[in-house]
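Report on the structure
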Amino acid sequence: MKGFFAFVRKEFLHIFRDRRTLLVLIGLPTMLIVLFGFAISTEIRNVNIGVCAPDKDVSIARLVDKIDRSEYFTFKGWYGSAMDVDRAMKKGEIDAALVFSEDFSSSLMSAEGAEISVVTDAVNPNNASMEVMYLTNIVYGYFFSDTDSMRQSPLVPNLRMLYNPQLRSSYNFVPGIMGLILLLVCALMTSVSIVREKETGTMEVLLVSPVKPIGIVFAKMIPYFVISCMVLVITLLLTIFVLKVPVEGSFFWMILVSLLYIILSLGIGLLVSSLVKTQIIATLIIGMVFLVPVMMMSGMLYPIESMPYVFQLIAQVIPAKWYIEAIRKIMIEGVPFVFVLKEVGVLLGMTVVIFTAAVLKFNDRIE
Amino acid sequence: MEDNVIQVEHLTKKFGSFTAVDDITFEVRKGEIFGFLGANGAGKTTAMKMLTGLSFPTSGKGMVAGYDIWTQSELIKKNIGYMSQKFALYSDLTVRDNIGIFGGIYGMKRADVRRRATELMERLGFMSEKDVRVKELPQGWKQKLAFLVAVIHNPRILFLDEPTGGVDPAARRQFWELIYDVVDSGITAFVTTHYMDEAEYCSRISMMVDGRIEALGSPAELKSEFGAGSIADVFDILARGAKRSE
């Protein structure tokens, strides 16, 4: 047992002697939070918009004024015809346009009603659909409230955005970032540090020592477990105080689920390290096999439901998917723990399977 | 029997149909330098793994430092030192850290590690370098440090796997002086090497060819037995019949 603690001490020494890596580990979550929280955002802002209205009148002018005042759109100018709108869009002057039908205001009263075309540059489909949605909302809102003519409309939709009323993308990203960083710190760092010992030959010397092989790897996990907990705390502090994303549900369960995920990620690192011989391969495997799927397919950036069926199936075996879902539910939706039992169960199952495989594989290799 | 620190009888290791170590029997006496010679692929490493408790033999008996290789590998590990041919050390840590780590791994008390480390560092001239990171040391010093680390816990047997690989001839000779030094203090040395001139420094040597020990005795005995002028010649005579090569 004494040998084991000497070993844990050595792992901490490694980490503290290598200040740069430690800084990266601590700096990375900060950077990602700032990046995703402020810079990268799926919200749209300051979209340049042009308007084509053959019969311009007060009602249209007021609508355009209202659009221009919103933070989402910037009014660029009036265009004479649909052709002009098209040309302006090609030149890049505008990203979206509203085209009013002839005799717009007078047709509003007629039986057939009036027509507005919403034109957007759909090269970026996400932005385009977002622009259409926002524009439609403004236009509807205007005609419901600002003119009396539509008051008798039979159906008034009452929209409520639950859990994230301001539609801030940080609500969506934060659980994803946590899933990503914890995996990076735990899996990548443990596997690289175990494989490094194989590369330098120190593993050979350690195996001849009285420390049990399994003790060697568990001693390696302890420092990274501690660092992961620090990263978790930093991420949460930034999330709550800088991004101002509230933790709606139980703090206790959120931490507990995160700890489970940290242990799972450590297991992944151990498994990878028992399969490969060089640090480069270990890094590549963690990067390609674990990190990229987390970015693309865990629901962090793109909703799983809109993926092709095959990818949806693959997403089910990505641990981060379940973690991110659980954290979203607890942190953002604030549901009681019973509602995340499924996610936690899956994570627990994965942890058991991965650790069993890793330990078996590790012992197998010693022989 | 009492004087033998390693006693091996009919030790065999098979990997599938391949017999890496084929029925070897030998003993190593207390306080001697035993040279374990053989070409690459002759089975030296496999044999050494069984002696150091890293793997089990397929059949045969063996006692190392008084413990059974089948049932007491943990006790064997506590009583042996091992220096790998890579001079495996933690290059990002200082000389003192490295010594402390390996002392700790062998369950030594901090104070004991410090006392023994000071004693060894003084003897090897390391005192002024104790806070230097290992990666900044020249190759010959790394080798010395790896040696120091391997004997920090005062093992009964010191296993040295190709300890002079990649070191210049002057440093090689100095290194053998270190080995003599620890052997004088009562440690038995078990050395593998493929430098045949180094074999002359050993008390007794064994030569492995194709998994079998083909010759065993003191350098002088072997030379007269095979009518050769040097150990290198003896090895040539034996290796001519080898089927496995590099």
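With that settled, consider the sheet that holds strand β1 (residues 47-52) of chain A. The strands that make up a sheet pair up through hydrogen bonds in the backbone, lying either parallel or antiparallel. Residues and elements named next belong to chain A. Overall, mixed pairing links the 4 strands, which are arranged β2-β1-β3-β4 in an open sheet. Each of the sheet's edge strands pairs with one partner strand only, and the pair in question is β2 (73-79) and β4 (116-120). Going from strand to strand, the sheet's axes swing by 20° on average, the running direction of each strand aside. As defined by bridge partners, β1 adjoins strand β3 (residues 96-100) across 4 bridges and the pair is classed as parallel. If you follow valine 51 over to β3, its bridge partner there is leucine 98. Docked against the sheet, helix α3 (residues 58-69) engages β1, β2 and β3, running at close to 145° with respect to β2.

Next up on the list: the side chain of glutamate 197 of chain A. Here glutamate 197 of chain A shows up in helix α7 (residues 169-200). Here glutamate 197 of chain A falls in the buried class, since its relative accessible area comes to 3%. Non-local contacts of glutamate 197 of chain A, meaning those with residues more than four positions away in its chain, are made with Lys10, Glu11, His14, Thr202, Met203, Leu206 and Lys220 of chain A together with Tyr90 of chain B.

Glancing now at unusual backbone geometry. Residues and elements named next belong to chain B. The phi angle at histidine 10 is positive, at roughly 50°, despite the residue not being glycine. Locating histidine 10 in the fold gives a position in strand β1 (residues 4-15). Of note, asparagine 154 is a non-glycine position whose phi angle comes to about 55°, a positive value. Structurally, asparagine 154 can be placed in the loop between α5 (139-150) and β7 (157-161). With relative accessibility at 46%, the residue asparagine 154 sits in the partly exposed group.

Let's shift gears to the nonpolar core. As a rule of thumb, nonpolar side chains are buried together in soluble globular proteins. By size, the foremost hydrophobic cluster in this structure holds 169 residues, and its most contacted members are Tyr323 of chain A together with Ile6, Phe26, Val64, Ile99, Phe159 and Phe190 of chain B. It is α7 of chain A that contributes the most residues to this core, 17 residues altogether. Leaving out residues up to four positions away in the same chain, isoleucine 99 of chain B has contacts with Val113, Ala117, Met121, Leu145, Leu148, Val149 and Ile152 of chain B. Among the nonpolar cores identified, the runner-up in size contains 21 residues, and Val51, Leu135, Ile138 and Phe143 of chain A belong to it.

Close inspection of predicted coordinates is inappropriate in any region flagged by low pLDDT. Residues and elements named next belong to chain B. In this model, chain B carries a mean pLDDT of 88, and residues with pLDDT of at least 70 account for 97%. Within chain B, helix α9 (residues 231-239) has the poorest average pLDDT of any element, 85, and β7 the best, 93. Here the prediction assigns the complex a pTM of 0.77, and the interface score ipTM is 0.82.

Attention now moves to the interface of chain A and chain B. Opposite the 26 residues of chain A that make contact, chain B presents 30 residues. Carbon and sulfur atoms make up 61% of the surface buried where chain A meets chain B, a total of about 2,500 Å² over both sides. Together, Arg17, Val208 and Pro210 of chain A form the three largest contributors to the area buried by chain A at its contact with chain B, with a combined 27%. At the surface where chain A touches chain B, the tally comes to 1 salt bridge. Here aspartate 97 of chain B and arginine 17 of chain A are joined by a salt bridge, their closest N and O atoms 2.2 Å apart. Looking at the side of chain A that touches chain B, the elements that each hand over two or more residues are α1 (2-17), α7 and α8 (202-208) of chain A. For the side of chain A that touches chain B, the leading source of residues is α1 of chain A, giving 9 residues. Split by residue class, the side of chain A that touches chain B holds 10 nonpolar, 6 polar and 10 charged.

A word on the packing of helix α3 (residues 95-105) of chain B against helix α4 (residues 110-124) of chain B. Residues and elements named next belong to chain B. It is the contact of α3 with α4, at a shortest axis distance of 10 Å, that shows an interaxial angle of 130°. As the angle between them shows, α3 and α4 are arranged oblique. The hand of the α3/α4 crossing is right-handed. Residues Val95, Ile99, Gly100, Gly103 and Gly104 of α3 form the contact with α4, whose participating residues are Val113, Ala117 and Met121.

The rules behind the values
Residues numbered from 1 in each chain as written. Chains lettered and ligands numbered in written order. Predicted model: local features only at pLDDT ≥ 70, side-chain atom pairs only at ≥ 80, totals over all residues. Heavy atoms only, no water. Pairing = 2+ DSSP bridges. Helix = DSSP H or I, 4+ residues; strand = E, 2+ residues; numbered from the N terminus. Axes fitted to C-alpha atoms, helices over the stretch in contact; angles between N-to-C directions. Contact = heavy atoms within 4.5 Å. Buried < 20%, exposed > 50% of the residue type's maximum accessible area, 1.4 Å probe, protein only. Core = buried A, V, L, I, M, F, W, Y, C linked by side-chain atoms within 4.5 Å. pLDDT = per-residue confidence, 0-100. Buried area = accessible area lost by both parts, 1.4 Å probe. Salt bridge = Lys/Arg side-chain N within 4 Å of Asp/Glu carboxyl O. Nonpolar A, V, L, I, M, F, W, Y, C, P; charged D, E, K, R; others polar. Parallel < 35°, antiparallel > 145°, perpendicular 65-115°, else oblique. Left-handed = near helix turned anticlockwise from the far one by under 90°.

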